[in-house]
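Structure at a glance
Here are the chains, one letter per residue:
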Amino acid sequence: MIEIRNVTKSYGSLTVLHDVSLTIPEGKIMAIVGPSGAGKTTLLQIAGTLDRPDSGSVLFDGTDVLGLKDRKLSEFRNRNIGFVFQFHQLLPEFSAEENVALPAWIAGRRKKEGLEEARHLLETLGLSDRLRHKPAELSGGEKQRCAIARALINHPRVVFADEPTGSLDSRNRDEIQSIIFRLREELGQTFVMVTHDPSMASIADRTVQMTDGRIDGEETEK
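Calculation criteria
- Residues numbered from 1 in each chain as written.
- Predicted model: local features only at pLDDT ≥ 70, side-chain atom pairs only at ≥ 80, totals over all residues.
- Heavy atoms only, no water.
- Helix = DSSP H or I, 4+ residues; strand = E, 2+ residues; numbered from the N terminus.
- Buried < 20%, exposed > 50% of the residue type's maximum accessible area, 1.4 Å probe, protein only.
- Salt bridge = Lys/Arg side-chain N within 4 Å of Asp/Glu carboxyl O.
- Axes fitted to C-alpha atoms, helices over the stretch in contact; angles between N-to-C directions.
- Parallel < 35°, antiparallel > 145°, perpendicular 65-115°, else oblique.
- Left-handed = near helix turned anticlockwise from the far one by under 90°.
- Contact = heavy atoms within 4.5 Å.
- Nonpolar A, V, L, I, M, F, W, Y, C, P; charged D, E, K, R; others polar.
- Pairing = 2+ DSSP bridges.
- Right-handed = clockwise from strand over helix to strand, strands pointing away.
- Phe/Tyr/Trp six-rings, centres within 6.5 Å; stacked < 30°, edge-to-face > 60°.

Quick word on the environment of Ser178
Considering the arrangement of structural elements, one finds Ser178 in helix H6 (residues 170-187). Relative accessible area serves as the criterion here: at 44%, Ser178 is assigned to the partly exposed category. Taking the C-alpha atoms as reference points, Ser178 and Ile203, 25 residues apart in sequence, are found 9.0 Å from one another.

Given below as structure tokens:
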């Protein structure tokens, strides 16, 4: 589904990615692992079109999406890609259901329709009693479940998750791990995760090891 071809990225004199190529298969969980500073998050941001490489391409179904103008690229990202970050990045002034519905509204869907689907997703993820709570009223695990629901609201082709359990205790980590695995099993949802957590990496169908801005090796699919 997604091909990353010969991507190089530098910040000043520091080269963060060195001619990286990677294929992301549809309907699978991929984990990108490696030490801090290996370039994992930079690769994730480029694959998710949040950043542009100095050279190389990112192809979705054979189309180099980085060739799109900014507005078209933003529209493509909104409709095809979901994101989950380590610290959830929920808007504090919005309720859980409003935070989840926001990408649907940006995509032009009616307010009522967006809220209805947001409620359904939150209920599916066990947050039926937290719909109108604001982020400050949610636990860490509840915030991250809310962030996963937000990532899914537009039925994306792929969800990119950057250390999705990095700020959680073991109980909440296990819950998020179970949710990601269930979404892959039930919906065929594609996930690409950056993680330091061996437990999270263990649920992946494919694990990619990065070191010093290069892919060190790749495990075969389970």
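Structural notes on the pattern of salt bridges
By the definition in use, this model includes 18 salt bridges. Among the ionic pairs, Arg132 bridges to Glu97, the shortest N-O distance being 3.8 Å. Residue Arg132 is located in the loop between helix H4 (111-124) and helix H5 (140-152), and its partner Glu97 is located in helix H3 (residues 96-106); the two are separated by 35 residues in the primary sequence. Using a relative accessible area of 60% as the deciding quantity, one classes Arg132 as exposed. Linking Glu185 and Arg184 is a salt bridge whose minimum nitrogen-to-oxygen distance equals 2.4 Å. Assessed through its relative accessible area of 48%, Glu185 is described here as partly exposed. Three or more residues joined by partner-sharing salt bridges are found here, namely Glu26, Asp61 and Arg157.

Here's the deal with the packing of H3 against H5
Think of two packed helices as two axes; the pair is described by the angle between the axes and how far apart they sit. Two numbers describe how H3 lies on H5: the axes approach to 7 Å, and their chain directions differ by 30 degrees. With respect to each other, H3 and H5 are oriented roughly parallel. Once H3 is placed against H5, the crossing between them reads as right-handed. Residue-level contacts link Ala96, Asn99, Val100 and Pro103 of H3 to Cys146, Ala149 and Arg150 of H5. Taken together, the residues of the contact of H3 with H5 sort by class into five nonpolar, one polar and one charged.

Notes on the sheet that holds strand S4 (residues 55-60)
If you walk across this open sheet you meet the four strands as S2-S1-S4-S5, and the pairing is antiparallel. For this open sheet the edge positions go to strand S2 (14-24) and strand S5 (63-64), each flanked by a neighbour on one side alone. Direction of pairing for strand S1 (residues 2-11) relative to S2: antiparallel, over a ladder of seven bridges. Bridge pairing in S2 links Lys9 to Leu17.

Focus: the pairing of strand S7 (residues 158-162)
Judged by how many residues are buried, S7 sits mostly within the fold: five of five residues are covered. Burial of S7 is two-sided: the residues Val158, Phe160 and Asp162 facing one way and the residues Val159 and Ala161 facing the other way are all buried. The pairing of strand S6 (residues 81-84) with S7 spans four bridges and is classified as parallel. Within S7, the position partnered with Ile81 by the bridge is Val158. The handedness of the S7 to strand S8 (residues 190-194) crossover, carried by H6, is right-handed.

Points about the side chain of Gln177
If you trace the backbone, Gln177 turns up in helix H6. Dropping the residues within four chain positions of it, Gln177 is found in contact with Ser199, Met200 and Ile203.

Focus on the packing of aromatic side chains
Tallied over the entire structure, the rule returns three aromatic pairs. Considering the side-chain rings of Phe60 and Phe76, the 5.0 Å spacing of their centres and the 85 degrees angle between planes classify their relative orientation as edge-to-face. With Phe60 in strand S4 and Phe76 in helix H2 (residues 70-80), this pair connects stretches of sequence that are 16 residues apart. Take Phe60: its relative accessible area is 5%, and that puts it in the buried class.

A look at the packing of H5 against H6
The N-to-C vectors of H5 and H6 enclose an angle of 20 degrees; their axes lie 9 Å apart at closest approach. Classed by the angle they form, the pair H5 and H6 counts as roughly parallel. Of the two elements, H5 crosses H6, and the hand of that crossing is right-handed. Here H5 contributes Gly141, Gln144, Arg145, Ile148 and Leu152 to the contact with H6, which in turn contributes Asn172, Glu175, Ile176, Ile179 and Leu183. When grouped by side-chain class, the residues that make up the contact of H5 with H6 number five nonpolar, three polar and two charged.

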